[in-house]
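As a plain string of letters, each chain reads:
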Amino acid sequence: MLAKITFLGATGTVTGSKYLFEACGKKLLIDCGLFQGLKELRLRNWDAFSVNPAEIDAVILTHAHIDHCGYLPRLTRQGFKGPVYCTHATQAFCELLLRDSAHLQEEDARWANKKGFSKHKPALPLYTTQDVESCLQQFTPRHYGEDINLCEGMRLKFRDAGHILGSAFADIKITRGNTIRKILFSGDIGSPNRPILNDPVQVYEVDYLIVESTYGDRLHGDSQSAREHDLARVINDNITRGGILVIPAFAVGRTQELLYHIRELENRGAVPPLPIYIDSPMAINATAITAKMQNDYDLQARMLMLDGQEILKPANLHIARSVEESKALHAVKGPAIFISASGMLEGGRILHHLQERLPKAENTVLFVGYQAEGTRGRALQGGNTEVKIHGQMVPVKAHIETISGFSGHADYREILAWLMGFNRPPKQTFIVHGEPDASRAMGEKIQKQLDWPVTIPKHGQSFELN
Ligand SMILES: [Zn+2]
Ligand SMILES: [Zn+2]
């Protein structure tokens, strides 16, 4: 046996990505994500970790989304002392996202104690701000393409996955005597032709592939120009009604992409320059980080910069950093656009805006990202006529719109096209990071189209790699 892989998350779900990879006497954890969404999944975050965290030699992060890095402070809290390898942009975004995550955990525990609805007395957070600060000390950022020696005979390389800035495929190469094996963890694969981001890098030689399948049974359908057209329509319809267009968006990635698109639409005269408010300190900070990471931009964004364009600045952009500034937005009269977090309506300032704006028909809520099962976002998308926010039922009168093509994930056609570029079939392809139907569909398509052997691993299942 050359290596062993154990699936500790992202099986039958898009959350909780965690793969234990054992080789050359080392224990590595590829991604260290938090389970989110359904309660039965969230409870897994509290289970004892299946290996002693003190025995894990290193963690490798594919990108900074919480479903890929949000368990890390818990791992550190339980004794993990090794390095955390990731790209520089991933490190910068993790600082933001993990601090925010600890804050949310602490808030949840405080809330549970106040209301007395926790089984644990007192309710404890999954991890604290202090745990996050110590785990941030373990970060060891690396550039794309750099050789990272994990031990004699095993090297790691990050390759641009085009999903969010800093996102990477973890490309592991094991050399033992004359035997060379390459194992590729896709993390989340970006959709091609997105603003700011590079297309996912083509890889060629892979023996074992671990590939995501979020959109394994769906197509984005529309081209980027069609999506911009849709966005213009939603913005202009909302102007006609004089409402507030509330866009829940992940602070990292989606917010910046929206700013880019809106600026483009304004430049072309497709929408008038409306007041746009970013109401999320994290999104404001993520936008500032994005503005600095120009060497990770795609060529088109870099060329716009050469022409003197500020690619993330629509004409009438405002930010609400403090709580007072956020509250003041309740008095804002439409038409205007609010961009706020969290993207799936699981917490954050967006909830206050929904409470205020959902009951009025002139307003619009626009989804531009994937809404996982069990989230409020999914409930609204599914046409619920009321949703519970802060313990109160809020009637839904506002227009609910979805533009799915904005997803940061490649759809199955884009993934198949990427796989077609491999020089040879992998010995085994493991399908992960999808709801069950999506993973199954992705597996069937890979078998049918490419005739590759595929496996859909179950939670906790291990496989020997030879
Ligand atoms: Zn992601
Ligand atoms: Zn993910």
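The present account deals with the structure reproduced in this document. It should be emphasised that the depicted structure is a prediction, and the values quoted were computed from it without experimental measurement.

Attention shifts here to the sheet that holds strand 2 (residues 18-23). The mixed open sheet is built from seven strands, whose spatial order is 6-5-4-3-2-1-22. Each having just a single partner strand, strand 6 (139-142) and strand 22 (462-465) make up the two edges of the open sheet. Neighbour to neighbour, the strand axes of the sheet diverge by 25 degrees on average, direction disregarded. Of the strand pairs in this sheet, strand 4 (residues 58-60) and strand 5 (residues 84-87) are connected by two bridges, and their pairing is parallel. Looking at strand 5, one finds that Ile60 is bridged to Tyr85.

Let's shift gears to the environment of Val396. With respect to the helices and strands, Val396 occurs in the loop between strand 18 (392-395) and strand 19 (399-402). For the pair Val396 and Thr385, spaced 11 residues apart in sequence, the C-alpha separation works out to 5.1 Å. If near-sequence neighbours (up to four positions away) are discounted, Val396 is found in contact with Leu358, Leu380, Asn384, Thr385, Glu386 and Val387.

This part takes up the coordination of the zinc ion (ligand 1). His63 (NE2), His65 (ND1), His163 (NE2) and Asp188 (OD) make up the full set of protein donors to the zinc ion (ligand 1), lying at 2.2 to 2.3 Å. Here the donor residues for the zinc ion (ligand 1) map to a single chain with the spacing H-x1-H-x97-H-x24-D. Taken as a pair, the zinc ion (ligand 1) and the zinc ion (ligand 2) show a spacing of 3.5 Å, with Asp188 coordinating each metal. In this pair, His65 sits in the loop between strand 4 and helix 2 (66-69) while His163 sits in the loop between strand 8 (154-160) and strand 9 (168-176), placing the two residues 98 residues apart along the sequence. Relative accessible area serves as the criterion here: at 5%, His163 is assigned to the buried category.

A separate point is a nonpolar patch on the surface. A surface patch of nonpolar side chains, amounting to about 370 Å² of accessible area, comprises Leu299, Met303 and Leu306. You can see Leu306 is positioned in helix 9 (residues 299-306).

Counting through the fold element by element, Val211 comes out in strand 11 (residues 208-212). Linking Val211 and Phe80, residues 131 residues apart in sequence, is a C-alpha distance of 26 Å. For Val211, the contacting residues outside a window of four places in its chain are Ser186, Ile189, Ile415, Thr429, Phe430, Ile431 and Val432.

Rules used throughout
Residues numbered from 1 in each chain as written. Chains lettered and ligands numbered in written order. Predicted model: local features only at pLDDT ≥ 70, side-chain atom pairs only at ≥ 80, totals over all residues. Heavy atoms only, no water. Pairing = 2+ DSSP bridges. Helix = DSSP H or I, 4+ residues; strand = E, 2+ residues; numbered from the N terminus. Axes fitted to C-alpha atoms, helices over the stretch in contact; angles between N-to-C directions. Contact = heavy atoms within 4.5 Å. Donors = N, O, S within 2.8 Å, 3.2 Å for Na, K, Ca; no water. Buried < 20%, exposed > 50% of the residue type's maximum accessible area, 1.4 Å probe, protein only. Patch = residues over 30% accessible without salt bridge, like charges linked within 9 Å, V, L, I, M, F, W, Y side chains within 5 Å. Areas by Shrake-Rupley, 256 points an atom, 1.4 Å probe, with all protein chains shown as cover. Salt bridge = Lys/Arg side-chain N within 4 Å of Asp/Glu carboxyl O.

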